[in-house]
Amino acid sequence: MPKVRTSVWASDGYTPSDMSRSVWVACILVFVCSWSIFGYKYPYYHLTPWRYGAIAWIGEEPADPSFFITRLDRTLDRVFAFWGLDPIEPHPRWAEPQLWKQWMGSTERLFATSIRDYVERTFWKLPAPSWSGEPIWPLVVVVYPDRETFRQLTGSKYAGWFSFGQAGLPGPRKLLYGLPALLVVHLTTSEATLAHELTHWLTYQSLTTDAVWIGDLPLYLLEGMAEVCERLFPRPDGDRFMGSGGRWGSTVLDMVAESCLTEDLFPLAMYVLGESFVAYLIEQWGVGGFWANLPAWAEMSGEFVELHEPDWRESLGLPPECGIGAE
Ligand SMILES: [Zn+2]
C-alpha cells in the first residue's frame, strides 16, 4: 500500500528526489544570478585611507586612485579658503588605520568610525580628525566607478550627495549604513559638485561642534551656501541663471519676484533663491559674519527671514514684499 506522502509527490509525475533536486537547482540559479548582478560585479568596496577618513571605491579600486584623491583634496582646500575656515587637521596616524585601534584615547574612541573591510575581512577604526582642537567624525567618501553605475545602483539623479547617517544610502546600502558622515559621488563628479557637497559637510560639522542641529536651518539657506561655493568652479551646465555683468539673470529675478523664502519652495527655486539670498548676506556681513550668525539663525529662522528678506529683494531692484502673484 503506497504511503500518502509518496502519492502526493507522485501525482504529477515527480518523485521527492526530483522535486528537491529542482528546488536546489532553482536556489543555485537564483544565487548565481544575484551574485553576478549584485555580488560579483560590485561585491564590496575597496578602502583607501584618506586624510579625513577613508575612500570607499565601489567595485575595484581605480587604476590611478591618486587622480581622484588629489582633485578632492584640492577642491576641499579651496572650499576651506573660500569660507575662511581653519582647515580640519588629519589625525597624525590617519594612514595606519589597522594600528589605530591599539592606542585610541577615550575621546578619540567616541568619534572613531568603524567600517567593514570586505577585502581583508575585518573592521577598520577610522581615526577622528580634529577641528579647532576638537575631534570630529571622520568622513567616508563613497566613489562609484562612473556616472551610469552611480545612477543605476543609487537610483539618484543627482551628481552626488552628502549624508549624515540617518539619510542612509540607496543602492548597496547594507555596505555602508549608519556612518555619521558620508559623501557619495562618482569618479567623474565635477569639482563644482564636490565643492557643493563638501560645503554641506563643513556646515554640518561646524554646527554639530556648536551643538546645533543642522535640520534647524532652512533648506534654502543650506542649499544656497552650497550653491554659492559651487560657483568657484566651472559648472557642467554653465551659468544658466546669470545675466550680463555678473548680475542675476531675468529667470532668477522672475523666480524671486513670484516666491517667498519658505520651506515650501519648489526644488529649483530652493537652490536659486537660496544662492541669491546667501550671496546677499555674505555681501552684507562678510563670510566670517555669515558663519557666526548660523547658530542664531537655526534658533530664530523666522525672525531672520523677516528682517533680511525685504532688503535682499530691494537689492535686486524688486519690491520688498514677497509673493507678488503668489500667496
Ligand atoms: Zn545640496
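Above this note sits the structure.
Residues numbered from 1 in each chain as written. Predicted model: local features only at pLDDT ≥ 70, side-chain atom pairs only at ≥ 80, totals over all residues.

Caption draft 1: Seen up close, the sheet that holds strand E8 (residues 161-163). Strand order in the open sheet made by the five strands is E1-E2-E7-E9-E8, with mixed pairing throughout. The open sheet has two edge strands with one neighbour each: strand E1 (45-50) and E8. Averaged over all adjacent pairs, the angle separating strand axes in this sheet is 20°, with direction ignored. Direction of pairing for E8 relative to strand E9 (residues 182-186): antiparallel, over a ladder of three bridges. Paired with phenylalanine 162 across the two strands is leucine 183, which belongs to E9. (Pairing = 2+ DSSP bridges. Helix = DSSP H or I, 4+ residues; strand = E, 2+ residues; numbered from the N terminus. Axes fitted to C-alpha atoms, helices over the stretch in contact; angles between N-to-C directions.)

Caption draft 2: A look at the packing of helix H9 (residues 250-258) against helix H10 (residues 267-299). Viewed as axis vectors pointing N to C, H9 and H10 meet at an angle of 100°, and their least axial separation amounts to 10 Å. With respect to each other, H9 and H10 are oriented roughly perpendicular. When H9 is examined against H10, the residues Val252, Met255 and Val256 are found in contact with a partner set consisting of Ala269, Val272, Leu273 and Ser276. Each residue belonging to the contact of H9 with H10 can be placed in one class, and the counts come to six nonpolar, one polar and no charged. (Parallel < 35°, antiparallel > 145°, perpendicular 65-115°, else oblique. Contact = placed C-beta atoms within 7 Å. Nonpolar A, V, L, I, M, F, W, Y, C, P; charged D, E, K, R; others polar.)

Caption draft 3: The nonpolar core, seen in detail. Among the nonpolar cores identified, the biggest contains 65 residues, and Ala56, Val140, Val141, Val142, Val143 and Leu183 are the most heavily contacted of them. Residue contributions to this core peak at eight residues, all from H10. (Core = buried A, V, L, I, M, F, W, Y, C linked by C-beta atoms within 7 Å. Buried ≥ 20, exposed ≤ 12 C-beta atoms within 10 Å, placed from the backbone.)

Caption draft 4: Representation of the pairing of E9 in the model. Most of E9 is tucked away: five of the five residues are buried. Here E9 shows a buried face lined by Leu182, Val184 and His186 and a second buried face lined by Leu183 and Val185. Across five bridges, the pairing between strand E7 (residues 139-144) and E9 is parallel. By the bridge assignment, valine 143 is partnered in E9 with valine 185.

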